[in-house]
Amino acid sequence: MSSDYEYSDEDADYYDDDEDMIDGTQEDGQSCRLTHRSTGSASDEEMDMDAFNEDFKVITKATRKSYEIPYESLTQASIEKVMQADIEHISGIFGVDASVASLLLRHMNWNKERLIEKYMDGASAVSEAAGITLPEPPPSPVAPIRSSTSSSSSRLSSGIRRATRRNAAEPTAAATFPSTVKSKRAPALDPEPFVCPICFDDSQTKTLGLECGHQFCTDCWSAYVESKVRDESELSIQCMAEGCSLVAPDVFIETAIAGDKSTWARFHELDIRHFVASNPNLKYCPAPSCTFTVSCPAAASKSSLATVVPTVACEAHHKFCFGCPIDGDHRPVICGIAKMWLKKCHDDSETANWIKSNTKECSKCQSTIEKNGGCNHMTCKKCKYEFCWVCMGPWSEHGTAWYSCNRYDEKDGIDARDAQSKSRSSLERYLHYYNRWANHEQSAKLSMELYSKTEKKMEEMQITSDLTWIEVQFMKKAVDEVDKCRMTLKWTYAMAYYLEKGNEKELYEDNQRDLERAVEDLSELLEQPIEADSIALLRQKVTDKAVYVQKRNEIVLEDTANGFVDGRWRWNVSVDGYHAA
Amino acid sequence: MADARLRRVNKEIADCKNDKSSQIRIELIDESPFHLKGSFPGPEDTPYEGGHFEVDIVIPPTYPFQPVKMKFITKVYHPNVSSASGAICLDILKDAWSPVLTLKSTLISLQSLLCSPEPNDPQDAEVAKHFTTSKGSFDETARYWTQIYAGGPGKSSAKAEPVRDEVAMAGLEKAHVDQYESLGFERSKVIDVLRRLNYRGANVANIHDDRIVEELLK
């Protein structure tokens, strides 16, 4: 196995530290990339600029590569902290309880600015809409669920009315539940037993109700909240009374479910998810049961997705795209193109292409015709137009040349044939890219197999030579690299399908070809049988190649990413949100 | 929780029995108290007057925190009730449900739904179209359905089952049906097409004969 790029170094330490090695070869990788660019016909001036840019990037490389995006993985606790800060901020400005502030924020989808604006316009309207205060009647401006004392010890009672404080507007309710009065109320009212209007149970002594005064037994409340939270994933839990729009604050919910930890945890999770979903800078990790959130302000706006591919990973190393729901890493292609490509692959839109390639259209009435035998003298079944199947021209011009068509130059025929060959070649073009795309996807799927094979080889190596475990790790690293590069290659084909022909595409395909060749070389090396006397040589080759592959991969990613930023790419279709500079 | 549901349903059934004034009845279909049959008379001054409407009631395990499932057993000609399945489009049976609502109050709501149809939120689009284009013809058909299916007044005094007039059932004019039948099309097909095209009242002028023949030939 040899390649154009071999790195040999006498220094024995060289191989023991991969990181060093990467840095050591950086200059080489850079220069070969530039050579490739110069093979394209870019003007010299452009070249210089690019070279300058590249130099600049090499300097700043320590910070971030151009195809990477700054992001941060956040834990659930840190999200809660942000939420808490928002709540405190609002509660400070409006002078309301934290639970009220959180209801307001939830109602406005955590948009603080709009909440403040609206609240200043009309506090009561917002409070009513958020289910904090009753819309009618207005006489007594009921403070949003608030207890007279504001110490933290009273927080529990702030959202809960144990029938000790009742709304004067509800005289009917007043007579129903004196039994629940916790002795503070004078026993003036008839001690008629309280009958919960939901379960009709008169033996219940504990009741709960919101500010509206509608009282229900605690069992019903708990069943209701549980069904809302668990079955409907509902965060805003309204009073059970018909048509009552009051929303239960958190403290009330906590009391209602009385120690049901899993429901409370679910409620809490819904709250956090709602916060994350409302904030365009945040995204929940889509991996099952992963609780991390990723913050990526650089990819928050839709327009930014035309220039960056926001591949992020949460703390648990789940890689996902911040901009679209495609699984995993689709670099170097931007979301819009990746989505378009996947749609094209999933659609059976190619059926139409088949029809185009295997049938012809009557040049007069445009009916689709498939010739399944017979001579070239065709008569359209529909419009009775007579034409030649070979040249598509009218049969009348053929004279007596019945079975051979020598009229290739006729204009009518040329036009008809043009349309024909165009659609046929479009199918071939699609299949060219699709086959390569699918091939890399398939190979990536087989990587698990390659892993186990490599593991065996590594064990073998430790036995047949005097290499230690740490010294055979280069094999695993190489497999990782191959896997990663196949992902890149896979998506480069999706991109190439949509790239407009031209110098830029040629350069792009040069880079793609170099990466592909290097990856294939490396996977071949990995498949080679191991012989005791050649291990040292194999190790050197694999390590060299892996470094080279890594470099080539970076070049492809970086060059493509820069192209998006510069607006260098031209497409043969219109791409959502992408405007060429 | 299961106890609470059973207790509540039993109480609701008992309450309904004791309350003679509302004319709403709830009966058991089989042994289970969670599968019931409700019934109420058609409201006065409507095409449903005099009819007796039966409703199938299924009580879900999460009742009363989730709404009951109700559908008409009796066929009803109404924009918010499917003329085929009896499915009902009513907000309180969906998102506007509140645990305080009872079987009785829900049945009363159904009764009042018959008084005030909501053609803008239809369950049965064809019936709703009929309702919006010609109210008079709609009322006639609804009355006819009430008579045929819900035992409404106007039923012939003889006990014998009256011959069901398919044309009136579909709310169409006999003359129109006869006209196309005479062209050699099957009567049932003519009725089906004219109903689908809403060939009624003022709409008749809007639909060209060719369109109907085209549909009939399909």
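Please read these numbers as outputs of a predicted model, since none were measured by experiment. (Residues numbered from 1 in each chain as written. Chains lettered and ligands numbered in written order. Predicted model: local features only at pLDDT ≥ 70, side-chain atom pairs only at ≥ 80, totals over all residues. Heavy atoms only, no water.)

In this section: the overall build of chain B. When helices and strands are counted, chain B shows eight helices and four strands. Walking chain B from its N terminus toward its C terminus, one meets helices and strands in the order α-β-β-β-β-α-α-α-α-α-α-α. In chain B, which comprises 218 residues, the proportion classed as buried is 48%. Residue pairs at least 24 apart in sequence account for 54% of intrachain contacts in chain B once pairs closer than 6 positions are excluded. Roughly 11,000 Å² of accessible area belongs to chain B as shown, and the carbon and sulfur atoms make up 51% of that amount. (Helix = DSSP H or I, 4+ residues; strand = E, 2+ residues; numbered from the N terminus. Buried < 20%, exposed > 50% of the residue type's maximum accessible area, 1.4 Å probe, protein only. Contact = heavy atoms within 4.5 Å. Areas by Shrake-Rupley, 256 points an atom, 1.4 Å probe, with all protein chains shown as cover.)

The biggest cluster of nonpolar side chains holds 41 residues, and the ones touching the most others in it are A:Trp341, A:Trp491, A:Met495 and A:Trp571. Of all elements in the fold, only β7 (319-321), α12 (335-346), α14 (411-445) and α16 (473-498) of chain A reach the threshold of two or more residues within this core. Counting residues per element, this core draws most heavily on α16(A), at seven residues. Not counting residues within four places of it along the chain, the set of residues in contact with A:Met495 comprises A:Val333, A:Ile337, A:Tyr508, A:Thr560, A:Phe564, A:Trp569 and A:Trp571. Counting residues in hydrophobic clusters, the runner-up holds 40 residues, among them B:Ile59, B:Leu114, B:Phe138 and B:Ala150. (Core = buried A, V, L, I, M, F, W, Y, C linked by side-chain atoms within 4.5 Å.)

This brings us to the sheet that holds strand β2 (residues 35-41) of chain B. Residues and elements named next belong to chain B. Here four strands make up an open sheet; going across it, the order is β1-β2-β3-β4 and the pairing antiparallel. Both edges of this open sheet fall to β1 (25-28) and β4 (69-72), since each of them pairs with a single strand only. Recorded for the sheet is a direction-independent mean angle of 25 degrees between the axes of neighbouring strands. Set on the sheet, helix α2 (residues 103-115) makes contact with β1, β2, β3 (52-58) and β4; between it and β2 the angle comes to about 45 degrees. (Pairing = 2+ DSSP bridges. Axes fitted to C-alpha atoms, helices over the stretch in contact; angles between N-to-C directions.)

Cis rather than trans, the peptide bond between A:Arg331 and A:Pro332 has omega equal to 5 degrees. By secondary structure assignment, the location of A:Pro332 is in the loop between β7 and α12. In the Ramachandran plot, A:Ser233 falls in the positive-phi region, its phi being about 50 degrees despite a non-glycine side chain. With a relative accessible area of 35%, A:Ser233 lands in the partly exposed category. Non-glycine residue B:Asp45 carries a positive phi angle of around 60 degrees. For B:Asp45, the position within the fold is in the loop between β2 and β3. According to the relative accessible area criterion, B:Asp45 is exposed, its value standing at 74%.

Let's shift gears to the packing of aromatic side chains. Taken as a whole and assessed by the stated rule, the structure comprises 30 aromatic pairs over all chains. The interplanar angle of 80 degrees and the centroid separation of 5.9 Å between the aromatic rings of A:Trp437 and A:Trp491 together place this pair among those described as edge-to-face. Of the two residues, A:Trp437 sits in helix α14 while A:Trp491 sits in helix α16, which places them 54 residues apart along the sequence. Here A:Trp437 matches A:Trp491 in class, with each residue buried. Residues B:Tyr48 and B:Phe53 carry aromatic rings whose centres are separated by 6.0 Å and whose planes lie at 70 degrees to one another, so their mutual orientation is edge-to-face. Residue B:Tyr48 shares its accessibility class with B:Phe53, and that shared class is buried. (Phe/Tyr/Trp six-rings, centres within 6.5 Å; stacked < 30°, edge-to-face > 60°.)

A few words on the interface of chain B and chain A. On the side of chain A, 15 residues touch chain B, which itself brings 15 residues to the contact. For the pair chain B and chain A, the summed buried surface comes to about 1,300 Å²; carbon and sulfur atoms form 67% of the total. Inspection of the region where chain B meets chain A yields zero salt bridges. On inspection of chain B and its partner chain A, the count reaches six residue pairs in polar contact (both at pLDDT 80 or more). By residue class, the composition of the side of chain B that touches chain A is seven nonpolar, four polar and four charged. (Buried area = accessible area lost by both parts, 1.4 Å probe. Salt bridge = Lys/Arg side-chain N within 4 Å of Asp/Glu carboxyl O. Polar contact = N/O pair within 3.5 Å; in protein donor to acceptor, adjacent residues only side chain to side chain. Nonpolar A, V, L, I, M, F, W, Y, C, P; charged D, E, K, R; others polar.)

Pairs may arise between side chains of opposite charge once their charged atoms sit close together. A full pass over the atoms with the stated rule returns 33 salt bridges over all chains. We note a salt bridge from A:Arg106 to A:Asp271, for which the minimum N-O separation is 3.0 Å. In this pair, A:Arg106 sits in helix α4 (residues 98-107) while A:Asp271 sits in helix α11 (residues 261-278), placing the two residues 165 residues apart along the sequence. The residues A:Arg106 and A:Asp271 share a single accessibility class, namely buried. Ionic pairing is found between A:Arg266 and A:Glu269, a salt bridge with its closest N-O pair at 3.9 Å. Note that A:Arg266 and A:Glu269 are positioned in helix α11 at a spacing of three residues, about one turn of the helix. The exposure class assigned to A:Glu269 is partly exposed, which follows from its relative accessible area of 26%. The network of salt bridges with shared partners includes B:Glu126, B:Asp192, B:Arg195, B:Arg196, B:Arg211 and B:Glu215.

Moving on, we come to the packing of α12(A) against α16(A). All names here are of chain A. Interaxial distance between α12 and α16 falls to 10 Å at its minimum, and their mutual angle equals 90 degrees. Classified by the interaxial angle, the pair formed by α12 and α16 is roughly perpendicular. Contact residues: α12 offers Ile 337, Ala 338, Met 340, Trp 341, Leu 342 and Lys 344, while α16 offers Trp 491, Ala 494, Met 495, Tyr 497 and Tyr 498. For the contact of α12 with α16, the residue count by class is 10 nonpolar, no polar and one charged. (Parallel < 35°, antiparallel > 145°, perpendicular 65-115°, else oblique.)

This brings us to the packing of helix α6 (residues 174-181) of chain B against helix α7 (residues 187-196) of chain B. Residues and elements named next belong to chain B. Between α6 and α7, the least distance of the axes is 9 Å, while the angle of their chain directions is 125 degrees. Comparing their axes, α7 and α6 come out oblique. Seen from above, α6 lies across α7 with right-handed handedness. In this structure, α6 uses His 176, Val 177, Asp 178, Tyr 180 and Glu 181 to contact α7, whose residues at the interface are Arg 187, Val 190, Ile 191 and Leu 194. (Left-handed = near helix turned anticlockwise from the far one by under 90°.)

Our focus in this paragraph is helix α18 (residues 535-566) of chain A. Residue and element names in this part refer to chain A. Compared with an ideal rise of 1.5 Å per residue, which puts 32 residues at 46 Å, α18 spans 46 Å between its outermost C-alpha atoms and is within 8% of the ideal. Among the 32 residues in α18, 26 count as buried, and that is most of the element. Among the residues trailing α18, Gly 567 stands out with phi positive, at a value near 70 degrees. (Expected span 1.5 Å × (residues − 1).)

Further remarks concern the UniProt feature "active site" (unreviewed entry) in chain B. Residues and elements named next belong to chain B. This chain's UniProt record puts "active site" (unreviewed entry) on Cys 89. By secondary structure assignment, the location of Cys 89 is in the loop between β4 and α2. The class of Cys 89 is buried, set by a relative accessible area of 13%. Here Cys 89 is in contact with Asn 80, Lys 94, Leu 113, Asp 121 and Gln 123, once residues within four sequence places are set aside. (UniProt positions renumbered as here; feature names shortened; annotations may be inferred.)

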